[in-house]
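Below, each chain spelled out in residue letters.
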Amino acid sequence: MSTGTGIDTATLWFVILALGAGSFGLRFVFLGLIGDRPLPDWLLRHLRYTAVSVLPALVAPLVLWPRATGGEPDPVRLAAAFVTLGVAYVWKNVLAGMASGALILVAGSYWFG
Amino acid sequence: MASQEVKTGFARGVRDGLPFLAVVVPFAMLFGVLATEAGLNVFETLSFSVVVIAGAAQFTALQLMTDNAPVIVVLASALAVNLRMAMYSASITPHLGRLPLWKRIVVAYFLVDQTYAASLIDYEARPDQSLTEKWAYFLGVLTPICLPWYVATVVGALAGESIPTNMGLDFVLPIAFLAMIGPALRTTAHRIAALVAIVAALSLAWMPYNLGLIVSALLGMMAGAEAERRGYFE
């Protein structure tokens, strides 16, 4: 069973299994080891801001320097991003945010694309 | 009583998870297409998605393997992309840490960006729900997110290059994440954390192996915690 172009089968399976084990380990480390032991207040205080720190940090470079444009800022994508965040924030609604952002993206690509 | 909690929690989870189909399906199909182009067969491609179940890390590993990078570089880079999962694990432990071990193993396996973000928003919005209801919610939210992940990977692998990979599909992921961030910005402290994380991420984008993401996230968390300590929690 050859994988054809370049990646050999043994390497591929080693990467799949090692990456699977590593990823599971990262996801399990606190859930598994801490479980129901109480965490100190200072740590809980930090953990409350995990989602609102990781997701913006992940998304900000993708918004400003999209891979699809080779890293050039793109007015349509920027507009879609701001509208998505604005709608989701004001109406506290994930679906409304995604729908309005997608609308801007589709309309923008149609008119300016 | 308990079965009612299970039903409402599960149904609410499914409902909250459904919009993410619009993200998960194209993203998984794209992985299927690219994996096939890199020479993987359908079984290998599906195994990748089932065993690793982490979109960004899978794309990273695939790209580096295609470039013939050393295995150690492939693993280190892809795991660095996934380091944020350890933060999710810590963040969700106060809510789900009291579950029996096998349930915590299930949660850990299915803990991806979307299931984590949706669950956390729900747990914080309804702080008085029982552990049973939280567990049922998590199972509900993962159903329309993780199961289609496998199916769409296979569809992408089978369809191969007949699927167009342009048309702004690259931006589906940022849109989904931004929509999740919106409702999470509940207090001044949350908004400060997000702002610090954004500024840091844009300033530290030069760091190798995605380390800028981890450092920025930690800075955002510290800023949020400090803001809360000073009373900006309203």
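Residues numbered from 1 in each chain as written. Chains lettered and ligands numbered in written order. Predicted model: local features only at pLDDT ≥ 70, side-chain atom pairs only at ≥ 80, totals over all residues.

Chain B appears in an unreviewed UniProt entry as 4-azaleucine resistance probable transporter AzlC from Citreimonas salinaria. Regarding chain B, the relevant UniProt record gives this comment under Subcellular location (unreviewed entry): "Cell membrane". Check the Sequence similarities (unreviewed entry) section of the UniProt entry for chain B; it says "Belongs to the AzlC family." (UniProt positions renumbered as here; feature names shortened; annotations may be inferred.)

Where an unreviewed UniProt entry is consulted, chain A appears under the name Branched-chain amino acid transport protein, with the organism given as Citreimonas salinaria.

Moving on, we come to the overall build of chain A. Regarding its fold elements, chain A presents 5 helices and 0 strands. Along chain A, helices (α) and strands (β) appear in the sequence α-α-α-α-α when read from the amino end. In terms of overall dimensions, chain A is more spread out than a globule: its C-alpha atoms have a radius of gyration of 21 Å, far above the 13 Å expected for 113 residues. Overall, chain A is about 55 × 50 × 25 Å in size when its C-alpha atoms are taken along their principal axes. (Helix = DSSP H or I, 4+ residues; strand = E, 2+ residues; numbered from the N terminus. Rg over C-alpha atoms; globule rule 2.2 N^0.38 Å.)

Residue and element names in this part refer to chain B. Domains assigned within chain B are domain 1 (2–167) and domain 2 (185–234). Placing the centre of domain 1 and that of domain 2 at their C-alpha centroids yields a distance of 24 Å. The interface is formed by 7 residues belonging to domain 1 together with 6 residues belonging to domain 2. Those elements that place two or more of their residues in the side of domain 1 that touches domain 2 are α5 (71–81) and α6 (84–96). Its residues assigned to classes, the side of domain 1 that touches domain 2 shows 5 nonpolar, 1 polar and 1 charged. (Domains from an automatic or database assignment. Contact = placed C-beta atoms within 7 Å. Nonpolar A, V, L, I, M, F, W, Y, C, P; charged D, E, K, R; others polar.)

Counting residues at the interface gives 80 residues for chain B, matched by 69 residues for chain A. Broken down by element, the side of chain B that touches chain A gets its largest block of residues, 12 residues, from α6(B). Per-class residue counts for the side of chain B that touches chain A are 58 nonpolar, 15 polar and 7 charged.

Moving on, we come to the packing of helix α2 (residues 21–37) of chain B against helix α10 (residues 172–184) of chain B. Residues and elements named next belong to chain B. Put simply, α2 and α10 touch, their axes get as near as 9 Å, and they point 150° apart. Judged by the angle between their axes, α2 and α10 are roughly antiparallel. Read as a crossing pair, α2 and α10 show a hand that is left-handed. Within the contact between the two elements, α2 uses Val23, Pro26 and Phe27 and α10 uses Val172, Leu173 and Ala176. Of the residues contributing to the contact of α2 with α10, the split by class is 6 nonpolar, no polar and no charged. (Axes fitted to C-alpha atoms, helices over the stretch in contact; angles between N-to-C directions. Parallel < 35°, antiparallel > 145°, perpendicular 65-115°, else oblique. Left-handed = near helix turned anticlockwise from the far one by under 90°.)

All names here are of chain B. On average, residues of chain B score 89 in pLDDT, and 95% of them reach the 70 mark or higher. Within chain B, the element-level pLDDT minimum falls on α5, averaging 84, and the maximum on helix α7 (residues 101–109), averaging 97. Taken together, the chains of this predicted complex give a pTM of 0.81 and an interface ipTM of 0.85. (pLDDT = per-residue confidence, 0-100.)

Here we come to the domain arrangement of chain A. As far as domains go, chain A holds domain 1 (1–37) and domain 2 (51–112). Each of domain 1 of chain A and domain 2 of chain A was reduced to a C-alpha centroid, and the two centroids are 31 Å apart.

What follows covers the UniProt feature "transmembrane region" (unreviewed entry) in chain A. In the UniProt entry, the feature "transmembrane region" (unreviewed entry) is given for residues 12–35, 47–68 and 88–112 of chain A. Structurally, residues 47–68 of chain A is divided into 73% helix and 0% strand, and its ends, taken at the C-alpha atoms, are 33 Å apart.

Attention now moves to the packing of helix α1 (residues 9–33) of chain A against α7(B). Relative to each other, α1(A) and α7(B) sit at 140°, their axes nearing to 8 Å. One finds that α1(A) runs oblique with respect to α7(B). By crossing handedness, the relation of α1(A) to α7(B) is classed as right-handed. Together, A:Phe24, A:Arg27, A:Phe28, A:Leu31 and A:Gly32 of α1(A) and B:Arg104, B:Ile105, B:Val107, B:Ala108 and B:Tyr109 of α7(B) make up the contact between the two elements. When grouped by side-chain class, the residues that make up the contact of α1(A) with α7(B) number 7 nonpolar, 1 polar and 2 charged.

To continue, consider the nonpolar core. The biggest cluster of nonpolar side chains holds 111 residues, and the ones touching the most others in it are A:Leu55, A:Ala57, B:Ile175, B:Ala176, B:Ile181, B:Ala193 and B:Ala197. Counting residues per element, this core draws most heavily on helix α9 (residues 131–159) of chain B, at 11 residues. Apart from the residues within four sequence positions on either side, A:Ala57 is in contact with B:Ala197, B:Ile198, B:Ala200, B:Ala201, B:Leu213, B:Ser216, B:Ala217 and B:Gly220. (Core = buried A, V, L, I, M, F, W, Y, C linked by C-beta atoms within 7 Å. Buried ≥ 20, exposed ≤ 12 C-beta atoms within 10 Å, placed from the backbone.)

Residue and element names in this part refer to chain A. Within the element layout of this structure, Ala96 appears in helix α5 (residues 94–112). The class for Ala96 is partly exposed, based on 18 C-beta atoms found within 10 Å. Through-space distance from the C-alpha of Ala96 to that of Ala10 is 45 Å; in sequence the pair is 86 residues apart. Excluding residues within four positions of it along the chain, Ala96 makes contact with Val87, Ala88 and Trp91.

Looking now at the UniProt feature "transmembrane region" (unreviewed entry) in chain B. All names here are of chain B. Mapped onto this numbering, the UniProt entry gives "transmembrane region" (unreviewed entry) at residues 20–40, 135–159, 165–185 and 192–209. Note that residues 20–40 is 81% helix and 0% strand, and that its end C-alpha atoms are spaced 27 Å apart. Between the C-alpha atoms that bound residues 135–159 the distance is 36 Å, and the span itself is 100% helix and 0% strand.

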